[in-house]
Amino acid sequence: MTSPQPFSVLVVDDEPSLRKTIRASLSASGYCVAEAGTGGEAVGVFRGRPFDLVLLDVNMPGMSGVEACRQIRALAPRTGIIMVTVRDAEEDKVRALEAGADDYVTKPFRFRELIARLGAVLRRTRMDIDASGVVQVGALKMDLERRVLWKGDEEIRLSPKEFDLLSFMMKNQGVPLTHLKLLQAVWGSDYGSELEYLRTYVRMLRKKIEDDPARPDYILTEPWVGYRFGNPSDPDQAARPSEQE
Amino acid sequence: MWSGTGGLAAGLLTLVAFRLHLSFISASFCYLLLLVLQSLSGELISSAIVSILAVGCLDYFFVEPLFSFQVSSPLDTLGLASFLITGLVITRLVAQVRIKTESSRLQHENLKRLYDVAQQMLALEPDATGGGNFLEPFRQVFELKAVCLFDAARSELYLAGQAHADLEKKTGEAFIHGRGGDDRSEGITTQIIRVGGRTTGAIGFEGLKDQELTAGPLAALAVAHLERTHSFAHASRAAATAQAESYRSVILDALAHEFKTPLSTILAAAGALREIRSLSPDHREMAETVESEAARLGRLTTRLIRTARLEREEVKPWMELIDVSSVISDTVDQYNRSTSGRISLVRECESTEVLADRELVRLAVSQLLDNACKYSTPGSAVTLSIARQDESIAVRVLSSGNPISPNEKNKIFDRFYRGLNGRHTSHGSGLGLYVARKIAVALGGNLDLESESGATRGAAFCLTLPVPEGERSDVPATV
């Protein structure tokens, strides 16, 4: 039996010391790492060989991270792309997600958090719904065929729209979903600015599925970006950044 | 001089009328004509003298018995009396018309001069007060010897022209006594300058004609110019402060962002070191310390950026329904880890849901706890209570020691204000309460200092956050 092939990561950042440190750290954690100093170089490297994951800084001289993300996504639809942003730059995050990024980490980030994000994106890009059409996250179990949701042993009744919204979130567990993406996935491509619809349904869903709706474990808010479906039984969720002092 | 001329004319008229043997009535009309001419050119007194002289001439030369001042007929007496009254009335009326005409001419001239001064004052730069140059138009247009102005706001005395008398002293005295006046012997007129009922200075003129007409308007022009210069100075200072503030927060923001990349490098390196299995426990602990301190520095940097942005009003709150007690309880736990459990949390109501921005509430509560820990008696308890108050949730932070004095109460929420006690005992930027109140207002609530917490003699701050309407009436909200 051969050991599994390590996952390959392309680290793109214009700061050599950060690049070098991340490379060393990820290599020590079992990843196979390559580097690029600019967005253009990253696209060039990617054309030469595919990667499982790309860690891409948003702010770089020359080709921006968002543009590089768009080009890489066009080359490789199944590669996991994680953007590196700074806090309070929500527009960058939304632009990056809309350009095809799967997730983002915010500088300065802990190494544990980075590893957790890489893991979540890898799982998502490789996740296939099992043959029975059942998705399970924490205590929630959803039968996509029969359109039924259980929390533990209790069945939870959902309206058709609630079910569509929740199923889309559960299928994309662990990654941020922009308001636009959610609205278009559930209500249709003509929608995009109807945040009130989303807020109303999220509020109703939280009342039905969360233990404490004011302190949600599943439907987590990403301020100004959208929502992220979390898994309370996932130890990685604890690595989410905290703003508390 | 006019009475002499009038008298001579009356004499000539008498001679001619007597030679021509004019009747009493004809002669009377001739004298009335003379009186009108006299009134038009002479003064009131000279006209009155000529009136009386004319009555004398009529009586002596034209009324029987002739060449006597006696009057034999009562009708003649009545005629003479009528002539005298008519003459005096004509004299008086004509004199009044003349005075009014003269006054109107003077007013017109003064208005023209005032208009000239106003135009010249408007042409001056709004910051032109140096050396009293702005008073030159007053002096030149009104041909004054000198003009002096005392500006109480700046405690400055401005002078234009060569003052021969005690102009400066009298202007100062007018301000001190709150009363202007005229000194005719020295030709000095002083006026008090008032803005909104408040005395703001005094102005003195030497050699001003028609003081009653011009002193007031000239003082008003001086007030207008002074107010203009004060407003300009105030606006310039405000603009300079705003610009400095803007630069300061932009630099702060840029610096904080610059810190983030090296901090990420340190965190990544420290995190990776911790993962090395062969590390000794001491080395692992050191790596953990580096990581946790770098993470703390990162949080401080983020907080700094957020504070700078709040100041520039660039932060848009993300409003969602949150349980404020759970947000606060997390923050209190964080503080208690570094303050040996000084902070206790008391929840006085069941539902503590509010519509607010989670991160901003956290930041505001952190600022209040920072403030309470810094400025209270070291080691004393800090109590944080959450209670329902009308349509809001009230978060109170009570601490003991260093109470806030009454005259500081209105200043503590000002930017960069640091309490008198705090200046010597603790480090701080003077931004905490300012930022916390800004957040409270941005979230539709408020932050106030309540009366001192009695026995403990400390400070009690109350942060209120509105309860969403749906929660007030138990109707599901749409947010």
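Anyway, here's the lowdown on the structure attached to this text. (Residues numbered from 1 in each chain as written. Chains lettered and ligands numbered in written order. Predicted model: local features only at pLDDT ≥ 70, side-chain atom pairs only at ≥ 80, totals over all residues.)

**Details of the overall build of chain A**
As a reminder, the rule being used: Working definition: helices are DSSP H or I runs of at least four residues, strands are E runs of at least two. Numbering for both runs from the N terminus. Around each residue's C-beta, the other C-beta atoms within 10 Å are counted; 20 or more make the residue buried, 12 or fewer make it exposed, and counts in between make it partly exposed. All C-beta atoms are placed from the backbone. C-beta atoms are placed from the backbone for every residue, and two residues are taken to be in contact when these atoms lie within 7 Å.
Along its length, chain A carries eight helices and twelve strands. Out of the 245 residues belonging to chain A, those deemed buried represent 38%. Counted over contacts in chain A with a minimum sequence separation of 6, partners at least 24 positions apart contribute 57%.

**Some remarks on the packing of helix 9 (residues 324-338) of chain B against helix 10 (residues 358-375) of chain B**
The geometry of a pair of packed helices is captured by two quantities: the angle between their axes and the separation between those axes. Residue and element names in this part refer to chain B. Operational definition: Only the stretch in contact is used when fitting a helix axis, every axis being a line fitted to C-alpha atoms; angles between N-to-C directions are given from 0 to 180 degrees. Should an angle fall under 35 degrees it is called roughly parallel, over 145 degrees roughly antiparallel, and 65 to 115 degrees roughly perpendicular, with every other angle called oblique. Throughout, a crossing is termed right-handed when the near helix is turned clockwise from the far one, and left-handed when it is turned anticlockwise from it by less than a right angle. Residues are sorted three ways: Asp, Glu, Lys and Arg are charged, Ala, Val, Leu, Ile, Met, Phe, Trp, Tyr, Cys and Pro are nonpolar, and all the rest, Gly among them, are polar.
For the pair helix 9 and helix 10, interaxial distance at closest approach is 10 Å and the crossing angle is 45°. Taken together, the axes of helix 9 and helix 10 lie oblique to each other. Helix 10 is crossed by helix 9, and the crossing has right-handed handedness. The residues of helix 10 that touch helix 9, namely those facing V324, V327, I328, T331 and Y335, are R358, V361, R362, V365, S366 and L369. Grouping the amino acids of the contact of helix 9 with helix 10 by side-chain chemistry returns seven nonpolar, two polar and two charged.

**Some words on the interface of chain B and chain A**
With 37 residues of chain B at the contact, the number on the chain A side is 30 residues. Secondary structure elements with two or more residues in the side of chain B that touches chain A: helix 7 (211-275), helix 8 (281-311), strand 6 (320-323), helix 9 and helix 10 of chain B. It is helix 7 of chain B that provides the largest number of residues to the side of chain B that touches chain A, a total of twelve residues. Residues of the side of chain B that touches chain A, tallied by class, amount to twelve nonpolar, twelve polar and 13 charged.

**A few points about the nonpolar core**
The line we're drawing: In these notes, a nonpolar core means any group of buried Ala, Val, Leu, Ile, Met, Phe, Trp, Tyr and Cys residues linked to one another through C-beta atoms within 7 Å.
Of all hydrophobic cores here, the largest spans 70 residues; its most connected members are A:L55, A:L56 and A:M83. Among the elements that take part in this core, helix 7 of chain B stands out by supplying seven residues, more than any other. Among the nonpolar cores identified, the runner-up in size contains 45 residues, and B:A356, B:L363, B:Y434 and B:I439 belong to it.

**A look at the sheet that holds strand 8 (residues 148-151) of chain A**
Residues and elements named next belong to chain A. For clarity, the cut-off: A pair of strands is considered paired only if DSSP assigns at least 2 bridges between the two.
Strand order in this open sheet of four strands is 6-7-8-9, and the pairing throughout is antiparallel. Edge strands, defined here as strands with exactly one partner in the open sheet, are strand 6 (134-137) and strand 9 (154-156). On average, each strand axis in the sheet is inclined to that of its neighbour by 25°, with strand direction left out of account. Strand contacts of helix 6 (residues 160-171): strand 6, strand 7 (140-143) and strand 8, with the helix running at about 70° to strand 6, the strand carrying the most contacts.

**Description of the sheet that holds strand 12 (residues 226-229) of chain A**
All names here are of chain A. The three strands are arranged 10-12-11 in an open sheet whose pairing can be described as antiparallel. Bordering the open sheet on either side are strand 10 (176-178) and strand 11 (219-222), each of which pairs with just one other strand. Averaged over all adjacent pairs, the angle separating strand axes in this sheet is 35°, with direction ignored. Pairing between strand 10 and strand 12: three bridges, direction antiparallel. Pairing of L177 across the sheet is with Y227, part of strand 12. Across the sheet, helix 7 (residues 179-186) touches strand 10 and strand 12, and the angle it forms with strand 10 is around 70°.

**A look at the pairing of strand 8 of chain A**
The side chains of a regular strand alternate between both faces of the sheet. All names here are of chain A. In terms of strand pairing, strand 7 meets strand 8 through four bridges, oriented antiparallel. Looking at the pairing, M142 lines up with L149 of strand 8. In sequence, strand 7 turns back onto strand 8 through a hairpin of four residues, with R147 there showing a positive phi of about 55°. Judged from the three bridges that link them, strand 8 and strand 9 form a sheet pairing that is antiparallel. Within the sheet, the bridge partner assigned to L149 lies in strand 9 and is I156.

From the geometry alone we can't say anything about function, so treat these as descriptive.
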